[in-house]
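Reading the structure
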Amino acid sequence: MATPDIDISQLSESQQLALQQYTSVTDQDVKAAIPLLQRSQWNVEIAIAKFFDGEGPDLVAEALAAQSVPPPRAARQENLQHSLLHGHTSRPRQSDSAPRIVPQADDEVVRRPPFLLALLFAPFNMLYKLFSTSFGLFSFLFPFLPRALRPDTTAGTARRANTAGRRSLKPRDASARLKREFEEEYGSNTLPFFEGGYAQALDLAKKDLKFLLIILLSPEHDDASSFIRDTLLSAEVQTFISDPSTNIILWTGDVRDSEAYQVSSALHCNKFPFTAVVANDPAVSSTNMSVIARVTGPMDASTYLAKIRNTISTHGEQLARVRASRNEQNFERTLRQEQDSAYERSLAQDRERARVKKEAEAAAAEEERREKAEAEAAETLAKVKLQWRKWRASRIEPEPSADTKDVVRIAIKMPEHLEAARVTRRFKGQDDIEKLYAFVECYEFLSDESVSTEVSKPEGYKHEFDFRLVQTLPRVVYEVAEGGTIGERVGRSGNLIVEQIKPDEDEE
């Protein structure tokens, strides 16, 4: 199986044999096994020892590097006067940036099969593991056998050793599982475990300018249990880490989990228990997160705490200055935002007032235009109505004589604005009742000699009477719209009054 950097087919036969022997014993991922064998100069025994005991200094690499070391420079002689005049120069500190681990995608998480399916294939799985282990040991003991008779350890999906059958979970779920296992095995404690992935903890420490305390544990090592009980769970260590003033975010990982394993590889962890302190390094950039301290191996609580406290106190002042500077920047940014917001609110209020004023002016102008149009319409209507009344007055027939047959004698109480309070007049019985209404409407023009027959009827005008003729006892309303003749409606005689129709009654 090919790796991203090395193709298995490009290895020599001896290197492939060494790789098969190494993976048959350690069952390590091929991608990680090849670099380890390269660092061990393809020596299987050295590689196996590094896998189980942890990698120490690479003696071979140091020996090769020593051969290419340039000759030492002549020692520079410097006295006190030279130091005071020219000052002390020191090499710039190389920044060890904190690694960025990309969280594992959901589709890459290895999920367990259903229980019934796993139970069904359990015997086959056990037989396969037993056969592959035995055959791998057989090929290790007899390396001279042909390749066709030796198992291909590089075939299939490369995987890292997981002897405990640990289920792969998402970073947040793996952190919660580690906290739960920690409490079940070692009891309750006050350590503020960060319940999330490494990437989330790193982002939070970067955002809040806090220290990220990374503790990597490997339960396969004998010192893990004693380190946790005697050092990590000691009262002084728990008190220091839990103190909010120390600004510590505690992230703990089990290297059997995928994310913790990636973190250990990125931090070049070669000895457990492993502790690293990560914090913002303004010397590199305002956003750089660097590893400022590493504490490896077992040690007593006082020594461990002294190293962590010394690192935090040394870097704490610098981090406090950066935090104060960032708080000042945030305050200035917030102040500008509040000022901009106040200006926008004031501008919005001015715009709203201008809009209301403009709408009020437009409404007033519209009301004035409407009133003017209504006044003009009313004036035009009054002129047309006056013209119609004069025209209709010229068309009213004279009062019939007393000896005329079928005559109706009617007494009418006129409106108050007319000079005549009560008028008595004879009408023909066969005349339409509209002539009775026209007589009342045009009464004031009947005695006016200026009204002549030359007045024309307004075109397109339909006159509507704004009054009704009513008989009081009993009350009878003679509506003009109901039609009929005067004789049929009123009879031989009648006493009528004129009632004005109010606008609201007209609308009803």
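Since the structure is predicted, the reported quantities are computational estimates derived from the model, not experimental observations.

Regarding the nonpolar core
The biggest cluster of nonpolar side chains holds 30 residues, and the ones touching the most others in it are F182 and I241. A per-element tally of this core places helix α12 (residues 301-394) first, with 7 residues. For I241, the residues in contact, after removing those within four places along its chain, are L191, P192, L213, L232, T246, I248 and L250.

Considering the pattern of salt bridges
This structure, assessed with the given rule, holds 24 salt bridges. The salt bridge partner of D350 is R353, with a shortest N-O separation of 2.2 Å. With D350 and R353 both in helix α12 and 3 residues apart, this pair spans about one turn of that helix. Here D431 and K435 are joined by a salt bridge, their closest N and O atoms 3.5 Å apart. For D431, a relative accessible area of 12% corresponds to the buried category. Salt bridges here are not isolated pairs; linked through shared partners, they connect E397, K428, D431 and K435.

As for the confidence of the model for the chain
Detailed conclusions should not be drawn from predicted coordinates in areas where pLDDT is low. In the predicted model, the chain carries a mean pLDDT of 80, and the fraction of residues at 70 or more is 79%. Contacts of residues 63-94 to residues separated by more than four positions or lying in other chains number 5 contacts, the stretch itself having pLDDT below 50. Segment residues 152-164 is flagged for pLDDT under 50; beyond a separation of four residues in sequence, or across chains, it makes 25 contacts in the model.

Comments concerning the packing of α12 against helix α13 (residues 433-441)
Two numbers describe a pair of packed helices, the interaxial angle and the distance between the axes. It is at 10 Å that the axes of α12 and α13 come closest, and there the two elements cross at 115°. For the crossing formed where α12 meets α13, the hand is left-handed. Two secondary-structure elements touch here, α12 through K385, W388, R389 and R392 and α13 through E434, K435, A438 and E441. Its residues assigned to classes, the contact of α12 with α13 comprises 2 nonpolar, no polar and 6 charged.

Overview of the packing of aromatic side chains
Counted under the stated rule, the structure contains 11 aromatic pairs. Residues Y437 and F467 carry aromatic rings whose centres are separated by 5.3 Å and whose planes lie at 20° to one another, so their mutual orientation is stacked. Within this pair, whereas Y437 is found in helix α13, its partner F467 is found in strand β7 (residues 467-471), the two being separated by 30 residues in sequence. With respect to class, Y437 is no different from F467; both count as buried.

With respect to the sheet that holds strand β8 (residues 476-478)
Reading across the sheet, the 5 strands line up as β6-β5-β9-β7-β8 and stay open at both edges, with mixed pairing between neighbours. A strand with exactly one partner marks an edge of an open sheet, and here the two such strands are β6 (422-428) and β8. Between one strand axis and the next, the sheet turns by 35° as a mean value, whatever way the strands run. Here 7 bridges tie strand β5 (residues 407-413) to β6, and the two strands are oriented antiparallel to one another. Pairing of A411 across the sheet is with T424, part of β6. Packing against the sheet, α13 makes contact with β5, β6, β7, β8 and β9 (493-500), and its axis sits at approximately 115° to β7.

Some details on the sheet that holds strand β4 (residues 289-296)
One open sheet holds the 4 strands; their spatial order is β2-β1-β3-β4, and the pairing between them is mixed. If you trace the sheet from one side to the other, it starts and ends with β2 (248-254) and β4, each paired once. Within this sheet the neighbouring strands show an average axis-to-axis angle of 20°, counted without direction. Sheet topology note: the strand β1 (residues 211-217)/strand β3 (residues 274-280) ladder contains 5 bridges and is antiparallel. Bridging from a neighbouring strand, L212 pairs with V278 of β3.

Looking at the packing of helix α1 (residues 13-26) against helix α2 (residues 30-39)
For the pair α1 and α2, interaxial distance at closest approach is 10 Å and the crossing angle is 120°. With respect to α2, the element α1 is oriented oblique. Once α1 is placed against α2, the crossing between them reads as right-handed. Contact with α1, carried on its side by A18, L19, Y22 and T23, involves V30, A33, I34, L36 and L37 of α2 and no other residues of that element. Here the contact of α1 with α2 is composed, by residue class, of 8 nonpolar, 1 polar and no charged.

Parameters and conventions
Residues numbered from 1 in each chain as written. Predicted model: local features only at pLDDT ≥ 70, side-chain atom pairs only at ≥ 80, totals over all residues. Heavy atoms only, no water. Core = buried A, V, L, I, M, F, W, Y, C linked by side-chain atoms within 4.5 Å. Buried < 20%, exposed > 50% of the residue type's maximum accessible area, 1.4 Å probe, protein only. Helix = DSSP H or I, 4+ residues; strand = E, 2+ residues; numbered from the N terminus. Contact = heavy atoms within 4.5 Å. Salt bridge = Lys/Arg side-chain N within 4 Å of Asp/Glu carboxyl O. pLDDT = per-residue confidence, 0-100. Axes fitted to C-alpha atoms, helices over the stretch in contact; angles between N-to-C directions. Left-handed = near helix turned anticlockwise from the far one by under 90°. Nonpolar A, V, L, I, M, F, W, Y, C, P; charged D, E, K, R; others polar. Phe/Tyr/Trp six-rings, centres within 6.5 Å; stacked < 30°, edge-to-face > 60°. Pairing = 2+ DSSP bridges. Parallel < 35°, antiparallel > 145°, perpendicular 65-115°, else oblique.

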